[in-house]
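If you want the building blocks of each chain, they are given just below.
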Amino acid sequence: MKTLEWRRNELIILDQTKLPAEETYRRCTSWQDVKDAISVLAVRGAPAIGVAAAYGLVLGASELLRRKITDTAVFSAGLATVAAALDAARPTAVNLHWALTRMLKTAEKELAAGKSSAAITLALEREAVTLHAKDIEINRSISAYGAAAIIMQKGAKKLTVLTHCNAGALATADIGTALGVIRALHKRGLIERVYADETRPLLQGARLTVTELKADGIPVTLITDSTAGWIMKTGRVDAVIVGADRITANGDTANKIGTYSVSVLAKEHRIPFYVAAPVSTFDLSMARGEEIPIEERHHDEVRRLRDVQLALADTDVFNPAFDVTPHQNIEAIFTEKGTIEKPSETTVSAFFRT
Ligand code: MRU
């Protein structure tokens, strides 16, 4: 199963809303198709939506070309409009913004060099393909750093690990971030079992993480989100590893709703809580987690479970898609450039200085 596949002028997206029951693909031939796929979570996970949005901008550029917009200033204004629309699809994961900013910079460079709209479109396509390919290397590197750091801290013994949401192959272009670290540990025979939180309301843990881990033969047990505290209390969890959607300059980390609760439980039970994320997930323009915009999603995601009405249709609901874990609850952040132990304003800024 490939999360994303670029075929000249179309992006094929595995529809994750249908997993694991059905393996179906959405064919995106316009930037609006890509925006819709990101909004409905057909493609989700911070790195994957960054790559999808980059291809979305290529489709936007192709559309401008088809409309015969050859005036490069008008063309570049059109690109900026498309980028802003794609960027707005999901406000918390900064990788989306990061990827689009990189793409617009590429366009600006070509524009400054006097290139035509067609040449700019080709350069954008090359950049999107590069971002996609780079994510594979990044996943491998995060996983290697994460596994090495955990072995240093815990010794080479088999571990039972808890994870929340899905920070795996389905959220990236390769083996994943948090699940990449778990896969690297499993390769060395160091995973006893993974507990996967089901991850209400959209069940990324139950539907995606369990499917991925089972496919790789990694022992996995599905738990309801409310079981996490009890299995920690009864001594069944050695470490927590999760992904991230945005990390601020002091190491505060936004991730799927429920992650904060897991971090508090881990702290209470003295279980190390690790975050695995690419450098592109850091937003150093924000000093602390309180500044992170938190996406709120449709109330029916909570009132209903697919076709089943769980609560009365007019029930008042609060449905934030993410929460923020304070850096004090995080033991270490694994990135492709190394590990930040005890993340804080000081350790994060030292990491980015070197
Ligand atoms: O709403 P989602 O499914 O996009 O949320 C995804 C997460 O919270 C992931 O943990 C995060 O994006 C990291 S993915 C490597």
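A quick note: this is a predicted structure, and the numbers were derived from the prediction, not measured. (Residues numbered from 1 in each chain as written. Predicted model: local features only at pLDDT ≥ 70, side-chain atom pairs only at ≥ 80, totals over all residues. Heavy atoms only, no water.)

## Quick notes on empty space enclosed by the protein
Counting across every chain of the model gives three cavities of 30 Å³ or more. Broken down by secondary-structure element, the contributors of at least two residues to the lining of the largest cavity are helix H2 (46–66) and strand S9 (253–256). Of the residues in the lining of the largest cavity, the class split is 13 nonpolar, nine polar and four charged. The calculated volume of the second largest cavity comes to roughly 140 Å³. For the second largest cavity, the lining is made up of 13 residues, of which Pro47, Val51, Trp98, Asp135 and Ser280 are closest to its centre. Residue assignment for the lining of the second largest cavity shows that the elements contributing at least two residues are H2, helix H4 (94–112) and helix H5 (117–154). Here the residues of the lining of the second largest cavity are counted per class, giving seven nonpolar, three polar and three charged. (1 Å grid on protein atoms, 1.4 Å probe; cavity = no way out; pocket = protein on both sides within 12 Å on 5 of 7 lines; lining within 4 Å. Points joined across faces, edges and corners; volume = space filled by probe spheres on them. Helix = DSSP H or I, 4+ residues; strand = E, 2+ residues; numbered from the N terminus. Nonpolar A, V, L, I, M, F, W, Y, C, P; charged D, E, K, R; others polar.)

## Topic: unusual backbone geometry
Across the chain, the bulk of peptide bonds are trans and the bulk of non-glycine residues have phi less than zero. Cis peptide bonds are those with omega within 30 degrees of zero, and the linkage from leucine 19 to proline 20 qualifies with 0°. Note that the residue after arginine 200, namely proline 201, is joined by a cis bond; omega there is 0°. Within the secondary structure, proline 201 is located in the loop between strand S5 (191–197) and helix H7 (204–215). Of note in the backbone geometry, threonine 199 takes a positive phi value of approximately 70° without being a glycine. Along the chain, threonine 199 turns up in the loop between S5 and H7.

## Re the layout of surface pockets
Space inside the largest pocket adds up to approximately 400 Å³. Lining of the largest pocket is provided by 15 residues; of these, Leu202, Glu301, Arg304, Leu305 and Arg306 occupy positions nearest its centre. Elements supplying a minimum of two residues to the lining of the largest pocket: helix H10 (300–303) and strand S12 (304–305). A class-by-class count of the residues in the lining of the largest pocket yields six nonpolar, two polar and seven charged. The calculated volume of the second largest pocket comes to roughly 330 Å³. When residues of the lining of the second largest pocket are traced back to their parent elements, those giving at least two are H5 and H7. Examining the composition of the lining of the second largest pocket, we find that three residues originate from one element, H7, more than from any other. Here the lining of the second largest pocket is built from residues that sort into eight nonpolar, four polar and five charged.

## Comments concerning the sheet that holds S9
Read from one edge to the other, the open sheet built from four strands follows the order S11-S8-S9-S14, with strand pairing classed as mixed. Both edges of this open sheet fall to strand S11 (282–283) and strand S14 (322–325), since each of them pairs with a single strand only. (Pairing = 2+ DSSP bridges.)

## Some details on the environment of alanine 119
Structurally, alanine 119 is set in helix H5. Through-space distance from the C-alpha of alanine 119 to that of valine 237 is 53 Å; in sequence the pair is 118 residues apart.

## A word on H2
Helix length check: H2, at 21 residues, gives a terminal C-alpha distance of 30 Å against a target of 30 Å (1.5 Å per residue), a fit within 8%. Extensive coverage of H2 is indicated by the burial of 19 of its 21 residues. Directly beyond the C-terminal end of H2, a positive phi value near 60° is found at lysine 68. (Expected span 1.5 Å × (residues − 1). Buried < 20%, exposed > 50% of the residue type's maximum accessible area, 1.4 Å probe, protein only.)

## Observations concerning the sheet that holds strand S10 (residues 273–276)
Strand order in this open sheet of seven strands is S6-S5-S4-S7-S10-S15-S16, and the pairing throughout is mixed. The outermost strands of the open sheet, each flanked by one partner alone, are strand S6 (220–223) and strand S16 (338–341). The average undirected angle you get between the axes of adjacent strands in this sheet is 25°. Sheet topology note: the strand S4 (residues 159–163)/S5 ladder contains five bridges and is parallel. Its bridge partner being in S5, threonine 163 is matched across the sheet by alanine 196. The strands that helix H9 (residues 259–268) touches are S4, S5, strand S7 (239–242) and S10; relative to S10, the one it contacts most, it runs at about 145°. Against the sheet, helix H11 (residues 345–353) touches strand S15 (332–335) and S16, its axis set at about 160° to S16. (Axes fitted to C-alpha atoms, helices over the stretch in contact; angles between N-to-C directions. Contact = heavy atoms within 4.5 Å.)

## Regarding the packing of aromatic side chains
A complete count under the given rule lists four aromatic pairs for this structure. Aromatic pair phenylalanine 282 and phenylalanine 352: ring centres 5.0 Å apart, planes at 65°, arrangement edge-to-face. In this pair, phenylalanine 282 sits in strand S11 while phenylalanine 352 sits in helix H11, placing the two residues 70 residues apart along the sequence. Phenylalanine 352 sits in the partly exposed class, given a relative accessible area of 29%. Between phenylalanine 351 and phenylalanine 352, the ring centres sit 5.2 Å apart and the planes meet at 85°, which makes this aromatic pair edge-to-face. The cationic tip of lysine 256 hangs over the ring face of phenylalanine 322; the distance from NZ or CZ to the ring centre is 4.5 Å. (Phe/Tyr/Trp six-rings, centres within 6.5 Å; stacked < 30°, edge-to-face > 60°. Lys NZ or Arg CZ within 6 Å of the ring centre and 35° of its normal.)

## Topic: helix H1 (residues 31–39)
Every buried residue of H1 is accounted for by Trp31, Val34, Ala37 and Ile38. Along the axis of H1, the buried residues cluster in a sector spanning 120°; they form a single face. Along its buried surface, H1 packs onto strand S2 (10–14), strand S3 (25–28), H2, helix H3 (72–87) and H4. Two residues or fewer after H1 comes leucine 41, characterised by a positive phi angle close to 75°. (Arc of directions from axis to C-beta.)

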